[in-house]
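# Commentary on secondary and tertiary structure
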Amino acid sequence: MNEIKYTIFKTKWGYFGLAANNEGLFRTILPCPDHKIAQNHLLAGINKPIFAQNLLKPLQDKITAYFKGRAVKFNGDVTLAFGNCGPFMKKVLTECGKIPYGKAVSYSQLAHLIGKPLAARAVGNALAKNPLPLIIPCHRVIHADGSIGNFSAFLEAKTGSKFIGGKELKLKLLQHERAV
């Protein structure tokens, strides 16, 4: 049986969630304004998850540090489980995971990196379904003209006294990384 464990923990921007199974980390939730909202979104469609406060504790510590403004690398820290991703999406997410902190690439550059130079739109569609935001830094992928493009994060992250999501959150993440 593939047991699913999860944790929700507080960061400077709100409550962040991690879900993992025997294969590895398979879902993250960007910061939410409250614990219950994060839990509901993280566990959508999951039966009988087990809460594990210290699940992937070193990763929790890195995520907390990230939202405090520290430059953090997430790649290689934990096994990622791409169980429900097809080969193309897995290739896109794996390559996206290599984009360095504070840098951005275009959708077309990422398409070239995976050997599919005409697949920029398909790359964007794959990133829109990224189950591991922040760990797979899809916010670092922008349009070739420098505009930020879309961001499917429907959740809200606390920045200051208000909560944001979507393109506004993507811009905030990019600005956060460039400021560090």
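Our subject is the structure that appears above.
These lines cover the structure that appears in this document, whether it is placed above or below. For clarity, every value in this text was computed on a predicted model and none was experimentally measured. Numbering of residues starts from 1 in every chain and runs along the sequence as written. Whole-chain, interface and lining totals are the exception, using all residues; otherwise, since this is a predicted model, local features are given only for residues with pLDDT of at least 70 and side-chain atom pairs are given and counted only at 80 or more. In computing side-chain values, all of the structure's heavy atoms are included and hydrogens and water are not.

## Topic: the overall build of the chain
In DSSP terms, a helix is any run of H or I states spanning at least four residues, a strand is any run of E spanning at least two, and both are numbered starting from the N terminus. Summing up its helical and strand segments, the chain has six helices and eight strands in all. Reported as C-alpha extents along the three principal axes, the dimensions of the chain are approximately 40 × 40 × 25 Å. Residue burial is assigned from relative accessible area. The probe radius is 1.4 Å, only protein chains are included, and a residue is buried under 20% of its type maximum, exposed over 50%, and partly exposed in between. For the chain, the proportion of its 180 residues judged to be buried stands at 48%. Contacts between residues were defined by any pair of non-hydrogen atoms, one from each residue, lying within 4.5 Å. Considering only contacts in the chain between residues 6 or more positions apart, those separated by 24 or more positions represent 58%. Charged residues are defined narrowly, with Lys and Arg counted positive, Asp and Glu counted negative, and His plus the chain ends left uncounted. Charged groups are reduced to one reference atom each: NZ for lysine, CZ for arginine, CG for aspartic acid, CD for glutamic acid. Each charge class in the chain was averaged separately, 25 positive and 10 negative side chains, and the resulting centres sit 2 Å apart.

## Details of the side chain of Asn130
Positionally, Asn130 belongs in the loop between α5 (120-128) and β6 (141-142). The definition of a polar contact used here is a pair of N or O atoms within 3.5 Å, where within protein one atom must be able to donate a hydrogen and the other to accept one, and adjacent residues in sequence count solely through side-chain atom pairs. For Asn130, the side chain forms a polar contact with the main-chain nitrogen of Leu132, separated by 2.8 Å. Among the polar contacts made by the side chain of Asn130, one reaches the main-chain carbonyl oxygen of Ile136 at a distance of 2.8 Å. Setting aside chain neighbours within four positions, we find Asn130 in contact with Met89, Leu93, Ile136 and Cys138.

## Focus: the sheet that holds strand β4 (residues 50-51)
Taking strand neighbours across the sheet as the criterion, the four strands line up as β3-β2-β1-β4 in an open arrangement whose pairing is mixed. On the outer flanks of this sheet lie β3 (24-32) and β4, each paired with one strand and no other. Should DSSP find at least two bridges between two strands, the strands are regarded as paired. Inspection of the sheet shows strand β1 (residues 5-11) paired to strand β2 (residues 14-21) by seven bridges, in the antiparallel sense. When the sheet's bridge partners are listed, Ile8 is paired in β2 with Gly17.

## Section: the packing of helix α3 (residues 87-96) against α5
Two measures define how a pair of helices packs: the angle their axes make with one another and the distance between the axes. Here the axes come from fitting lines to C-alpha atoms, over the contacting stretch only for helices, and the angles between their N-to-C directions go from 0 to 180 degrees. Closest axis-to-axis distance for the α3/α5 pair is 9 Å, and the angle between their directions is 80 degrees. Taken together, the axes of α3 and α5 lie roughly perpendicular to each other. In this structure, α3 uses Phe88, Met89, Val92, Leu93 and Cys96 to contact α5, whose residues at the interface are Ala122, Val123, Ala126 and Leu127. Under the convention adopted here, Pro, Cys and the residues Ala, Val, Leu, Ile, Met, Phe, Trp and Tyr are nonpolar, Asp, Glu, Lys and Arg are charged, and Gly plus all remaining residues are polar. Its residues placed into classes, the contact of α3 with α5 shows nine nonpolar, no polar and no charged. For this classification, under 35 degrees means roughly parallel, over 145 means roughly antiparallel, 65 to 115 means roughly perpendicular, and everything else is oblique.

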